[in-house]
Amino acid sequence: MSPLVAARAAAAARGYGWGLSAGGPSGGFEAIATVTAAGGETSLSFSSIPQNFVALQIRGIYRDNWGSASAVTMAVTFNSDTGSNYASHLLRGDGATATAAGYTGQNQIALWDFGIDNTVTSGTFAAGIVDIHDYASTSKATTLRCFAGSNDNSTSSNRRVTLSSGLWTPTAAVSSVQLKSVYTSFAAGTTFALYGIKGAA
Amino acid sequence: MPATYEPIATTTLASAAKSITFSAIANTWTDLRIVFVPKAPSSLAVGANLRFNGDTGANYSMTLLYGNGTAAASSRLTGQDYIGGLGIVQNGNIGMWTFDVMSYKASIYKTVLGGPTADENGSGTVGRIVGLWRNTAVVTSVTLYSLNDFQAGTTATLYGIARAA
């Protein structure tokens, strides 16, 4: 057994070590803001994002008002940039087949399958976690990763589990994030929470 | 005020057992995160199966995406009595699972994002799972179980993640 595995097994798992040293806003993992749809919004945003973290994480649940059974994808832009400055890749499982795809020259990043349509049982939401590292850098393009999907106890291939990566090519710091419904609109109760992760001093 | 990312409880098995349960979970946070590091018996396999609030009914379902070192694949299970099933380890090896239980206190069905990992220097799997517990109750307990015993040294830690108001 490797020393690392032995140490972990003996000392108990500690996740990724975020926010364990202190409680409240002084910890390394800090809640920045929350947006919740009243229902009918086509865009929800985080703006004036503090620049004193190393990384951002967005955690959320999303149901769209789209009335047809469908896979639902959410779009994201940074700093309200709608130019052809985005790319994305995906690795997806639809319950039967694993597939992969990539897209370049897009005007938004697709967070693939981070949504569910309005035909499913009330109270069913898709979920996802998005990580954005080095967002405050002014010398790097911005890369994100997303783990998302939905399930409704059906055999529909629209209920998927998907890993996405995304790229925003400008080297500007990310000061705002726009989350967009590309179907109908965000259903009431759709909620996204933004967190900041600090580096060591 | 709770910490944003707070360790709630840790269990380390001193002897073999088929399950670990975290109970009396407060409704203080937004999401729950479980980091689970199971140790397998020397000749049998263990996995990580997740249940909530002691519910053993067919109220769970999941979509799976995984690679086994040869190919990527996907599958689906409906009407199950657990969420899990990948990341199986054996021969005394160690696995790793993460489960994110989203909006665990909201009056909605509970969506779970799972990340199983098992590598046995030849065999193994890496995967992702999206699971659903069809119950709108607040999650007050979480059970991790396997058909065979988790060995001494198996650890599980429960974290609470609180969003901004």
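Residues numbered from 1 in each chain as written. Chains lettered and ligands numbered in written order. Predicted model: local features only at pLDDT ≥ 70, side-chain atom pairs only at ≥ 80, totals over all residues. Heavy atoms only, no water.

Caption draft 1: The interface of chain B and chain A, seen in detail. In this assembly, 50 residues from chain B lie in contact with 58 residues from chain A. A per-residue breakdown of the area chain B buries against chain A is headed by B:Tyr5, B:Leu65 and B:Arg76, which together make up 16% of the total. Run the count over chain B and chain A and you get 2 salt bridges. Across the salt bridge formed by A:Arg59 and B:Asp31, the nearest N and O atoms sit 2.8 Å from each other. Among the elements of the structure, strand E1 (5-12), strand E3 (31-37), strand E5 (60-67), strand E6 (72-80), strand E8 (95-101), strand E9 (110-119), strand E10 (124-133) and strand E12 (155-161) of chain B are those that each provide at least two residues to the side of chain B that touches chain A. The leading source of residues in the side of chain B that touches chain A is E6(B), at 7 residues. Classifying every residue of the side of chain B that touches chain A by side-chain character gives 25 nonpolar, 17 polar and 8 charged. (Contact = heavy atoms within 4.5 Å. Buried area = accessible area lost by both parts, 1.4 Å probe. Salt bridge = Lys/Arg side-chain N within 4 Å of Asp/Glu carboxyl O. Helix = DSSP H or I, 4+ residues; strand = E, 2+ residues; numbered from the N terminus. Nonpolar A, V, L, I, M, F, W, Y, C, P; charged D, E, K, R; others polar.)

Caption draft 2: View of the environment of A:Pro50. Residues and elements named next belong to chain A. Structurally, Pro50 can be placed in the loop between strand E2 (43-46) and strand E3 (55-62). Assessed through its relative accessible area of 31%, Pro50 is described here as partly exposed. Considered as a pair, Pro50 and Thr36 are 14 residues apart in the sequence and their alpha carbons are 20 Å apart. Not counting chain neighbours up to four residues away, the residues in contact with Pro50 comprise Ile32 and Tyr135. (Buried < 20%, exposed > 50% of the residue type's maximum accessible area, 1.4 Å probe, protein only.)

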